[in-house]
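Chain by chain, the residues run as shown.
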Amino acid sequence: MIDALPPSASELFTLTDRGLYCEAGDFYIDPWRGVPKALITHAHGDHARWGSEQYLASEQSKPVLERRLGANSEISSLPYGETLQINGVKVSFHPAGHVLGSSQIRIEKQGQVCVVSGDYKLDSDRTCENFEVVRCHTFVSESTFGLPIYHWPDQQDVFDSMNRWWQENAAEERPSVIFAYGFGKAQRVLSGLNPEIGPIYCHGAVEKINAAYRECEIDLPPTEYAGRADDKKDWSRAMIIAPPSAQTTTWLRKFGNYASAFASGWMTVRGQRRRRNIERGFVLSDHADWPGLLDAIEQTRAERVYVTHGYKRPLVHWLNNHGYQAAELDTMYEGEQDDDRSGDDEETTAP
Ligand SMILES: [Zn+2]
Ligand SMILES: [Zn+2]
């Protein structure tokens, strides 16, 4: 690969087969294999994996991490902005604006500052703290939507059309089902819904995460667990939020002739909706779009940028042509998933 350089010796981290490793501090960031000490940017399955001895994350990540890694895992937390010394390396967590608790991890040693951003977005979001610009020498950026075609519409317009769609379906006595990733996207969809239109029900995988959001005092409209509701129920005015993996299951039968929609950044691309057999697509992403990526990177004033997930090469190419030293970093992060692979969907297959 032309642009793929390994992190240089002057960096605060190296790329190992277990993940990003900070040798000076003897810890890993978002490792994909079990390690003694793991710092976690956020609780999505590809960043927070099983099997490490100790985890450290932001305070607001803890409730979801506990649900996903199990209460027996040793998880400590740090409030945003507070500094901790780990073997002489200064470590702090700063909001990444991606999902509840999502953080950019700032590490500093001898005046060199590196920020590992995990996943991030610049749009405001009622369900998590807004992205904070953290100045650094080296920035590790995601690139899930790192192509110029990705340019998000105004989110209030998206919520307005979502509510209009729901209202129209309700007028025709058809329940509305929106498929959205169970952690983060589902709650963001919820935060934009108008509960006066009708009752809101959630799939178990979503409802479980809603509880973690409410624990962190995030204001969501009232929801009910769809599994608990009996089959004779009148769903005609209902909005149902389900993870994408529920789409192919019998779980949906009880809603009868429902209208379907999908909320994702991928809905930008024509054909995605048809391929998924979905009536409506709402463009709503928890990741930065192309202008957002460039904007965030510029604001960090980083000289060196390492790019992970998704469309790495176009972003690296653009950066190298615009005065940055940029390189791809081959990680095992997976970007915006169609499905929640964390094992939370076990209820999906239940009738
Ligand atoms: Zn994520
Ligand atoms: Zn990711």
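Notes on the structure in this doc start here. Residue indices begin from 1 for each chain and proceed along its sequence in written order. As they are written, the chains are lettered A onward and the ligands numbered 1 onward, keeping that order. Whole-chain, interface and lining totals are the exception, using all residues; otherwise, since this is a predicted model, local features are given only for residues with pLDDT of at least 70 and side-chain atom pairs are given and counted only at 80 or more. The basis for every side-chain value is the complete set of heavy atoms in the structure, and neither hydrogens nor water enter the calculation.

### Overview of helix H6 (residues 290-300)
Using the following cut-off: Only protein chains enter the calculation, and the probe is 1.4 Å; a residue is then buried if its accessible area is under 20% of its type maximum, exposed if over 50%, and partly exposed in between. Runs of H or I in DSSP of at least four residues are treated as helices and runs of E of at least two as strands, each being numbered from the N terminus. Whether two residues are in contact is decided by their heavy atoms: any pair within 4.5 Å suffices. For this analysis, a polar contact is any N or O atom pair within 3.5 Å, provided that within protein one partner can donate a hydrogen and the other can accept it, and provided that sequence-adjacent residues contribute only side-chain to side-chain pairs.
Those residues of H6 not exposed but buried are Trp290, Gly292, Leu293, Leu294, Ala296, Ile297 and Thr300. On the buried face of H6, the contacting elements are strand S11 (138-141), strand S18 (304-307) and helix H7 (312-320). Two or three places before Gly292, at the start of H6, stands the capping residue Asp289, its side-chain oxygen 2.9 Å from that residue's backbone nitrogen. After H6 finishes, the residue Arg301 shows a positive phi value of roughly 60 degrees.

### Things to note about the side chain of Ser236
Structurally, Ser236 is set in the loop between strand S14 (224-225) and strand S15 (239-242). Among the polar contacts listed, one links the side chain of Ser236 to the side chain of Asp234, at a separation of 2.7 Å.

### Remarks on the coordination of the zinc ion (ligand 2)
We apply this condition: Coordination shells were defined by N, O and S atoms within 2.8 Å of each metal, extended to 3.2 Å for Na, K and Ca; water is absent from the atom set, which can make sites look incomplete. Think of it this way: with four donors and all angles in the 85 to 135 degree range, the site is tetrahedral; with four or six donors, opposite ones beyond 155 degrees and the rest between 65 and 115, it is square planar or octahedral; otherwise it is irregular.
Within the protein, His47 (NE2), Asp119 (OD), Asp119 (OD) and His309 (NE2) serve as the donor atoms for the zinc ion (ligand 2), at 2.1 to 2.5 Å. In this structure, the zinc ion (ligand 2) is surrounded by four donor atoms whose angles at the metal cover 55 to 130 degrees, and the resulting shape is irregular. Between the zinc ion (ligand 2) and the zinc ion (ligand 1), a separation of 3.8 Å is found, and both are coordinated by Asp119. Here His47, found in the loop between strand S4 (37-39) and strand S5 (54-58), pairs with His309, found in the loop between S18 and H7; they are 262 residues apart in sequence, far enough to count as distant. On the basis of relative accessible area, His47 is assigned to the buried category, the value being 0%. We classify His309 as buried; its relative accessible area is 2%.

### Concerning the nonpolar core
This is how it is decided: Each nonpolar core is a collection of buried residues, namely Ala, Val, Leu, Ile, Met, Phe, Trp, Tyr and Cys, held together in the definition by side-chain atoms within 4.5 Å.
Membership of the largest hydrophobic core comes to 45 residues, with the highest contact counts inside it found for Met162, Ile178, Phe183, Val189, Leu193 and Ile241. Among the elements of the structure, S5, helix H1 (62-69), helix H2 (155-171), helix H3 (185-192), strand S13 (200-202), helix H4 (204-215), S15 and strand S16 (259-263) are those that each provide at least two residues to this core. Among the elements that make up this core, the one with the highest residue count is H2 (five residues). Ranked by size, the runner-up nonpolar core spans 22 residues in total, among them Cys136, Phe139, Trp290 and Tyr324.

### Thoughts on the sheet that holds strand S1 (residues 14-16)
Strand pairing in a sheet relies on backbone hydrogen bonds. The paired strands run either parallel or antiparallel. To keep it simple, the criterion reads: A pair of strands counts as paired when DSSP detects no fewer than two bridges linking them. Where helices are involved, their axes are fitted lines through C-alpha atoms of the stretch in contact, as for all axes, and angles between N-to-C directions lie from 0 to 180°.
With mixed pairing, six strands are arranged side by side in an open sheet as S1-S2-S3-S4-S5-S6. Looking at the sheet topology across the chains shown, the edges are occupied by S1 and strand S6 (74-78). Averaged over neighbouring strand pairs, the angle between their axes works out to 35 degrees when direction is ignored. Taken together, the two bridges between strand S3 (residues 27-29) and S4 define a ladder with parallel strand orientation.

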